[in-house]
Amino acid sequence: MSNTQLLLLALNCINENREPSHTELSKIYVFYRTEIDYKGISIDEFMLNQNWQLVDEHKVQKVMNFIEMYLHLSSKKAKDRKHIEQTSW
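Since the structure is predicted, the reported quantities are computational estimates derived from the model, not experimental observations.

### Things to note about the side chain of Ser75
By secondary structure assignment, the location of Ser75 is in helix α4 (residues 60–87). Residue class for Ser75 comes out buried when judged on its relative accessible area of 8%.

### Things to note about the packing of aromatic side chains
For the structure on display, the rule yields 2 aromatic pairs. Geometrically, the ring pair formed by Phe31 and Phe46 is edge-to-face, given 5.5 Å between the ring centres and 70 degrees between the ring planes. Of the two residues, Phe31 sits in helix α2 (residues 22–37) while Phe46 sits in helix α3 (residues 43–48), which places them 15 residues apart along the sequence. Classification of Phe46 by relative accessible area gives buried; the value is 5%. Taking 4.7 Å as the distance between ring centres and 50 degrees as the angle between the ring planes, the aromatic pair formed by Phe66 and Tyr70 counts as tilted. Residue Phe66 and its partner Tyr70 are located together in helix α4, separated by 4 residues, close to a single helical turn. Across this residue pair, the class does not change: Phe66 and Tyr70 are buried. Over the aromatic face of Tyr29 sits the side chain of Lys77, whose NZ or CZ is 4.7 Å from the ring centroid.

### Regarding the confidence of the model for the protein
In the predicted model, the protein carries a mean pLDDT of 91, and the fraction of residues at 70 or more is 97%. Confidence scores differ between elements of the protein, with α4 showing the lowest mean pLDDT of 89 and α2 the highest of 97.

### Observations regarding the nonpolar core
Membership of the largest hydrophobic core comes to 23 residues, with the highest contact counts inside it found for Phe46, Trp52, Val63, Ile67 and Leu71. Counting residues per element, the ones that place at least two in this core are α1 (3–15), α2, α3 and α4. The element contributing the most residues to this core is α4, with 7 residues. Here Trp52 is in contact with Leu7, Met47, Val60, Val63, Met64 and Ile67, once residues within four sequence places are set aside.

### As for the side chain of Ser74
Mapped onto the elements, Ser74 comes out in helix α4. The residues touching Ser74, leaving out its near neighbours within four places in the chain, are Ile28, Tyr29 and Tyr32.

What counts and what doesn't
- Residues numbered from 1 in each chain as written.
- Predicted model: local features only at pLDDT ≥ 70, side-chain atom pairs only at ≥ 80, totals over all residues.
- Heavy atoms only, no water.
- Helix = DSSP H or I, 4+ residues; strand = E, 2+ residues; numbered from the N terminus.
- Buried < 20%, exposed > 50% of the residue type's maximum accessible area, 1.4 Å probe, protein only.
- Phe/Tyr/Trp six-rings, centres within 6.5 Å; stacked < 30°, edge-to-face > 60°.
- Lys NZ or Arg CZ within 6 Å of the ring centre and 35° of its normal.
- pLDDT = per-residue confidence, 0-100.
- Core = buried A, V, L, I, M, F, W, Y, C linked by side-chain atoms within 4.5 Å.
- Contact = heavy atoms within 4.5 Å.

As structure tokens, this is what we get:
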């Protein structure tokens, strides 16, 4: 998933007033792992480097909140998985 696809996913969920599906959550998680976690950047740093001009100015804050929330959930999931892997050895 690219940054633009993540943005579109967020816009679709917001416009349809729904939570992401299980498949969409998985895509967000993989995006987090490949574009943030593996690159060693923070979610805040990622958010600051986005081009929010693609979003209608009335929805920018909603989109930012949506993406940030689900990236943080993905971060927690990644940490929980790492903890489980370490304790199962």
